[in-house]
Amino acid sequence: MVVKKSDINSISVVTCSMNREQHLIENIKYIKKLSNVAEHIIIDYSSLQKVSKKIKDTKIKIFRIDNEIIWWHNRAYNSAFHLANSKYILKIDADVLIDFKKFNKIEYWKYDLIIFYNNENDPGNFLITKDLLSSINGFNEYMWQWGWQDHDIISRAIKSSKNIKFLKVYNAISKIDHDNAERNKIIVNKIYK
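It should be emphasised that the depicted structure is a prediction, and the values quoted were computed from it without experimental measurement. (Residues numbered from 1 in each chain as written. Predicted model: local features only at pLDDT ≥ 70, side-chain atom pairs only at ≥ 80, totals over all residues. Heavy atoms only, no water.)

Undergrad: Quick rundown of the overall build of the protein chain? Include the residues and the values.
TA: On a plain count of helices and strands, the protein chain comes out with seven helices and nine strands. Summarising the internal contacts of the protein chain: among those between residues at least 6 apart in sequence, 72% fall at separations of at least 24. Element-wise, carbon and sulfur atoms account for 52% of the exposed surface of the protein chain, whose accessible area totals about 10,900 Å². (Helix = DSSP H or I, 4+ residues; strand = E, 2+ residues; numbered from the N terminus. Contact = heavy atoms within 4.5 Å. Areas by Shrake-Rupley, 256 points an atom, 1.4 Å probe, with all protein chains shown as cover.)

Undergrad: Can you break down the confidence of the model for the protein chain residue by residue, with the values?
TA: Chain-level pLDDT for the protein chain is 87 on average; 87% of the residues reach the 70-or-more range. A low-confidence stretch, residues 182-189 (pLDDT under 50), is modelled with eleven contacts involving residues beyond four sequence positions or located in other chains. (pLDDT = per-residue confidence, 0-100.)

Undergrad: I'd like a description of the packing of aromatic side chains, backed by residues and values.
TA: The final tally for this structure, using the stated rule, is eleven aromatic pairs. With centroids separated by 5.9 Å and ring planes inclined at 40 degrees, the aromatic side chains of Phe-103 and Phe-116 adopt a geometry described as tilted. Of the two residues, Phe-103 sits in helix α4 (residues 100-103) while Phe-116 sits in strand β6 (residues 113-117), which places them 13 residues apart along the sequence. Put simply, the rings of Tyr-88, Phe-103, Tyr-108, Trp-109 and Phe-116 pair up and form one aromatic cluster. Directly above the ring of Trp-72 sits Arg-75, whose terminal nitrogen or CZ lies 3.9 Å from the centroid. Lying across the ring of Tyr-77, Lys-91 places its NZ or CZ 4.5 Å from the centre. (Phe/Tyr/Trp six-rings, centres within 6.5 Å; stacked < 30°, edge-to-face > 60°. Lys NZ or Arg CZ within 6 Å of the ring centre and 35° of its normal.)

Undergrad: Go over the environment of Asn-27, please, and point to the residues and values.
TA: The topology assignment puts Asn-27 in helix α2 (residues 21-31). The class of Asn-27 is buried, set by a relative accessible area of 1%. In sequence terms Asn-27 and Ala-94 are 67 residues apart; their C-alpha atoms lie 6.1 Å from each other. Contacts of Asn-27, omitting those with residues within four sequence positions, involve Thr-15, His-40, Ile-92, Asp-93, Ala-94, Val-96 and Leu-97. (Buried < 20%, exposed > 50% of the residue type's maximum accessible area, 1.4 Å probe, protein only.)

Undergrad: Give me the nonpolar core: which residues, what numbers.
TA: Val-14, Phe-81, Leu-113, Phe-126 and Ile-128 are the most contacted members of the largest nonpolar core, which has 27 residues in total. Every element with two or more residues in this core is listed here: β1 (11-17), β2 (37-45), α3 (73-83), β6, β7 (125-129), α5 (130-135) and α6 (148-159). Broken down by element, this core gets its largest block of residues, four residues, from α3. Judged by nonpolar contacts, the second largest core, of 20 residues, contains Tyr-88, Phe-103, Ile-106 and Ala-172. (Core = buried A, V, L, I, M, F, W, Y, C linked by side-chain atoms within 4.5 Å.)

Undergrad: Any chance you could break down unusual backbone geometry for me, citing the residues and the numbers?
TA: Even without a glycine there, the phi angle at Asn-36 is positive, about 65 degrees. Along the polypeptide, Asn-36 turns up in the loop between α2 and β2. In this model, Asn-67 sits at a positive phi of 65 degrees, which is unusual for a non-glycine residue. Within the secondary structure layout, Asn-67 lies in the loop between β3 (60-65) and α3. Relative accessible area serves as the criterion here: at 76%, Asn-67 is assigned to the exposed category.

Undergrad: Tell me about a positive patch on the surface, and name the residues and values.
TA: A surface patch of positive charge is lined by Lys-33, Lys-101, Lys-102 and Lys-105. As for its placement among the helices and strands, Lys-105 is situated in the loop between α4 and β6. With a relative accessible area of 71%, Lys-105 lands in the exposed category. (Patch = residues over 30% accessible without salt bridge, like charges linked within 9 Å, V, L, I, M, F, W, Y side chains within 5 Å. Salt bridge = Lys/Arg side-chain N within 4 Å of Asp/Glu carboxyl O. Lys, Arg positive; Asp, Glu negative; His and termini not counted. Charge placed at Lys NZ, Arg CZ, Asp CG, Glu CD.)

Undergrad: Requested: an account of the pairing of β1, with residues and values cited.
TA: Within β1, seven of the seven residues are buried, leaving the element largely enclosed by the surrounding structure. Alternating residues of β1 divide into Ile-11, Val-13, Thr-15 and Ser-17 and Ser-12, Val-14 and Cys-16, and every residue in both groups is buried. Both β1 and β2 contribute to a ladder of seven bridges, which runs parallel. From the neighbouring strand, Ser-17 faces β2, where its bridge partner is Asp-44. Of the crossover connections in this fold, the one passing from β1 over α2 to the parallel β2 is right-handed. Sheet topology places β1 next to strand β4 (residues 88-91); four bridges connect them, and they run parallel. Opposite Ser-12, over in β4, you have Ile-89 as the bridge partner. (Pairing = 2+ DSSP bridges. Right-handed = clockwise from strand over helix to strand, strands pointing away.)

Take a look at the structure:
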């Protein structure tokens, strides 16, 4: 059997979402235009309404996690990483649009890690080899809520070996403007106490 270069360098896109269906629909339009995407794994993390049946594509695999009342970024994405089947994993948030023209010009197979920035404080969208991601055990689920977990996983990936080849890419992603009111609600529970 002859293995095509595109199969060797296939990408699993992972996106997790809680109550961001409209953003997800926009996100998917851009993901569909990326080269070498074998699958797009979407974790519907206990959204109030299940992710729409309007999302139709043979590459899209939607998994639902029920009974979670608080968005737990690290747990949601680790679940998605576990389901990914490709050599490369592109972690992209539901409220992010990727510039497919710029992405398709990147020779990503030359790198272990590519970080897509729209600003230095947000390294949360990246492409990583599945082997590297496994070696650092994905996101640290002891870190709660959002913000520093992205910095942590990138730092651990870069420091995991002297031979890590990584690239920083600027102006290849944009965020969909939205209100964070729902996201910023803190439900007092045993974990916070």
